[in-house]
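Tertiary structure, described
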Amino acid sequence: MRTTKREMNFYSIYDRAGLEKHLEDMSAKGWMLDRMGQYLWYYRRTEPRKLRFAVSYFPSASVFDPAPSEKQETYREFCEHAGWNFIGCSGQLEVYWHEDENAVPLVTDPMMEIKTIHKTAKKTVILSNVLLLAIVIMNVCRTIQFYRNNTISALLSDSNFWTAIAMAFAGVYCVSELIRYFAWYFQAKKIAETEERFFTPKSSIRYVKAVLGMMIVLFVIGFASFMLE
């Protein structure tokens with residue numbers, strides 16, 4: 001029987017509720033989160049338990065920090081005093097668990113939580129997608145220039161065609177991610193101000209997996225075409 005398990009983390013950093021529910025479902029199946037990498041999360045086999053999980057954010061933190069800051073240490077001590085057990089962190093994101101399913105949430109002010117998530121998103125979701133979109137635009141411009149100067153050879157090259165399609169998919173994905181985030185952010189702010197509750201975004205796991213899977217397939221086809229030319 002397997003005692004450890006790895007999985008890719010496809011959850012958007014602002015999908016706090018979705019990630020917490022996923023960890024709770026995994027714990028109920030006997031898989032407890034053990035440690036967190038930037039992309040891969042690791043689980044260990046345990047007895048199935050119904051636990052409460054909480055995701056917290058530290059916008060000032062970084063994956064390159066050699067050790068947690070004094071504020072992070074103080075916050076973790078406060079959480080432990082309230083019964084929340086620290087599991088691990090990945091950049092600005094930290095995960096805690098509690099034996100009481102009805103435990104008081106770590107953050108009770110929805111507006112404060114949204115502001116914290118937005119500060120975190122500026123360094124993660126927004127920054128990464130803007131940079132990737134800039135790379136895509138640069139490559140698209142280079143491809144257009146190449147087609148103009150080498151029309152015949154470009155049209156005969158399958159690798160150029162599939163690479164251009166893959167880059168187009170990457171650009172569409174970046175734009176859609178930015179649109180989805182800001183649509184959630186502005187709606188969440190409005191709901192927090194008027195209804196004083198946290199607005200949970202719709203899960204996009206299937207969409208993210210489908211788009212990333214398609215991009216990988218296109219890049220593989222492009223690379224294979226290049227090797228066969």
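Throughout what follows, the structure given in this document is the object of discussion.

Description of unusual backbone geometry
One non-glycine residue, Glu 196, lies in positive phi territory at about 55°. Tracing the chain through its elements places Glu 196 in the loop between helix 6 (158-195) and helix 7 (205-228). For Glu 196, a relative accessible area of 65% translates into the label exposed.

Focus on helix 1 (residues 16-28)
Count 3.6 residues to each turn of an α-helix, and residues three or four apart come out pointing the same way. Here helix 1 is 13 residues long and its end C-alpha atoms lie 19 Å apart, about the 18 Å a rise of 1.5 Å per residue gives. Within the sequence span of helix 1, burial applies to Arg 16, Gly 18, Leu 19, Glu 20, His 22, Leu 23, Met 26 and Ser 27. Buried residues in helix 1 make contact with strand 1 (4-8), strand 2 (31-36), strand 3 (40-45), strand 4 (52-57), strand 6 (93-98) and helix 3 (110-123). The positive-phi residue at the C-terminal boundary of helix 1 is Gly 30, with phi of around 95°.

What about the side chain of Glu 94?
Note on placement: Glu 94 falls in strand 6. Since its relative accessible area comes to 0%, Glu 94 is described here as buried. Polar contacts involving the side chain of Glu 94 include one to the side chain of Gln 72, which spans 3.0 Å. Ignoring any residue separated from it by four or fewer positions in sequence, one finds Glu 94 in contact with Ala 54, Val 55, Ser 56, Phe 58, Gln 72, Tyr 75, Arg 76, Phe 86, Gly 88 and Cys 89.

Let's talk about the sheet that holds strand 2
Reading across from one edge, 1-3-2 is the order of the three strands in this open sheet, with antiparallel pairing throughout. Edge strands, defined here as strands with exactly one partner in the open sheet, are strand 1 and strand 2. Each strand axis lies, on average, 35° off the axis of its neighbour in the sheet, ignoring direction. Bridge analysis of strand 1 against strand 3 gives five bridges, and the strand direction is antiparallel. From the neighbouring strand, Lys 5 faces strand 3, where its bridge partner is Tyr 43.

A word on the sheet that holds strand 6
Within a sheet, neighbouring strands are paired by backbone hydrogen bonds and run either parallel or antiparallel to one another. Pairing is antiparallel in the open sheet, where three strands are placed in the order 4-6-5. Both edges of this open sheet fall to strand 4 and strand 5 (85-90), since each of them pairs with a single strand only. Direction aside, neighbouring strands of the sheet carry axes that sit 25° apart on average. Where strand 5 meets strand 6, five bridges bridge the pair, whose relative direction is antiparallel. Bridged to Gly 88 within strand 6 is Val 95.

Details of the packing of aromatic side chains
Using the criterion set out here, one finds 11 aromatic pairs in the structure. Between Tyr 185 and Phe 186, the aromatic rings sit 5.3 Å apart at their centres with planes inclined by 55°, giving tilted as the arrangement. The exposure class of Phe 186 is exposed, given its relative accessible area of 52%. Chaining the aromatic ring pairs together yields one cluster made of Tyr 14, Tyr 181, Phe 182, Trp 184, Tyr 185, Phe 186 and Phe 198.

With respect to the pattern of salt bridges
Side-chain pairs of opposite charge can arise where the charged atoms are in close proximity. Scanning the entire structure with this criterion turns up eight salt bridges. Between Arg 44 and Asp 34 there is a salt bridge, and its shortest N-O distance comes to 3.2 Å. On the criterion of sequence distance, the pair formed by Arg 44 in strand 3 and Asp 34 in strand 2 is long-range, its members being 10 residues apart. On the basis of relative accessibility, which here comes to 36%, the residue Arg 44 falls in the partly exposed class. What makes Asp 34 partly exposed here is its relative accessible area of 35%.

Calculation criteria
- Residues numbered from 1 in each chain as written.
- Predicted model: local features only at pLDDT ≥ 70, side-chain atom pairs only at ≥ 80, totals over all residues.
- Heavy atoms only, no water.
- Helix = DSSP H or I, 4+ residues; strand = E, 2+ residues; numbered from the N terminus.
- Buried < 20%, exposed > 50% of the residue type's maximum accessible area, 1.4 Å probe, protein only.
- Expected span 1.5 Å × (residues − 1).
- Contact = heavy atoms within 4.5 Å.
- Polar contact = N/O pair within 3.5 Å; in protein donor to acceptor, adjacent residues only side chain to side chain.
- Pairing = 2+ DSSP bridges.
- Axes fitted to C-alpha atoms, helices over the stretch in contact; angles between N-to-C directions.
- Phe/Tyr/Trp six-rings, centres within 6.5 Å; stacked < 30°, edge-to-face > 60°.
- Salt bridge = Lys/Arg side-chain N within 4 Å of Asp/Glu carboxyl O.

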